[in-house]
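Reading the structure
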Amino acid sequence: MGTYINTGNAGFESARNRKYVDKSEAITIINKTLFTEFRYSCVTRCRRFGKSVAAKMLCAYYNQSCDSRRLFEDLKIASNPSFEKHLNKYPVLYIDMTSFVTRYKDETIVAHINEDVIADVHSAYPDTLH
């Protein structure tokens, strides 16, 4: 597993080990937009309302580098027909912006993000062009 590419499901597993409110039906909405012109999603909520947990849930669900079935089998998404179709089928890019903001406090943040993510892509997919 890379730093940004296919990071696995540990983040969501950790969230499931605490008190967890099932928001997995959001995956149904994302599944409907995959491979359409509406494929870009923005997860917005007020501060402290679960954006990171939602992102970790999506990462765990789609991430091809792990088997997340047991994390979702008791959630609402498991009864949706699209559940099996997309579970752990895709490479996932997961970027936690907080880690960059805390490390780089100047205008170079975008350059650092580009550099780190590109390095991880090349590590995960060595046959890609530099």
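The preceding data block contains the structure.
The rules behind each value
Residues numbered from 1 in each chain as written. Predicted model: local features only at pLDDT ≥ 70, side-chain atom pairs only at ≥ 80, totals over all residues. Heavy atoms only, no water. Salt bridge = Lys/Arg side-chain N within 4 Å of Asp/Glu carboxyl O. Helix = DSSP H or I, 4+ residues; strand = E, 2+ residues; numbered from the N terminus. Buried < 20%, exposed > 50% of the residue type's maximum accessible area, 1.4 Å probe, protein only. Disulfide = S-S within 2.5 Å. Phe/Tyr/Trp six-rings, centres within 6.5 Å; stacked < 30°, edge-to-face > 60°.

So, on to the pattern of salt bridges. Evaluated as defined, the whole model comprises four salt bridges. With a closest N to O distance of 2.5 Å, Arg70 and Glu13 form a salt bridge. Residue Arg70 is located in helix H4 (residues 69-72), and its partner Glu13 is located in helix H1 (residues 10-16); the two are separated by 57 residues in the primary sequence. When the shortest N-O distance is used, the salt bridge between Asp74 and Arg16 registers 3.0 Å. Here Asp74 is found in the loop between H4 and helix H5 (82-86), whereas its partner Arg16 is found in helix H1, with 58 residues between them in sequence. Take Arg16: its relative accessible area is 21%, and that puts it in the partly exposed class.

Here we come to the state of the cysteines. Following the criterion strictly, the structure yields zero disulfides and no others. Cysteine Cys59 is unpaired, with the sulfur of Cys66 as its nearest cysteine sulfur at 7.2 Å. Overall, Cys59 belongs to the buried group, its relative accessible area being 5%.

Here we come to the packing of aromatic side chains. For the coordinates displayed, the defined rule picks out nine aromatic pairs. Ring centres of Phe12 and Phe72 lie 5.0 Å apart, and the angle between their planes is 20°; on these two criteria the pair is classed as stacked. Of the two residues, Phe12 sits in helix H1 while Phe72 sits in helix H4, which places them 60 residues apart along the sequence. For the pair Phe12 and Phe72, one class covers both residues: buried. Put simply, the rings of Phe12, Tyr20, Phe35, Tyr61, Tyr62, Phe72, Phe83 and Tyr90 touch in pairs and so form one group of aromatic residues.

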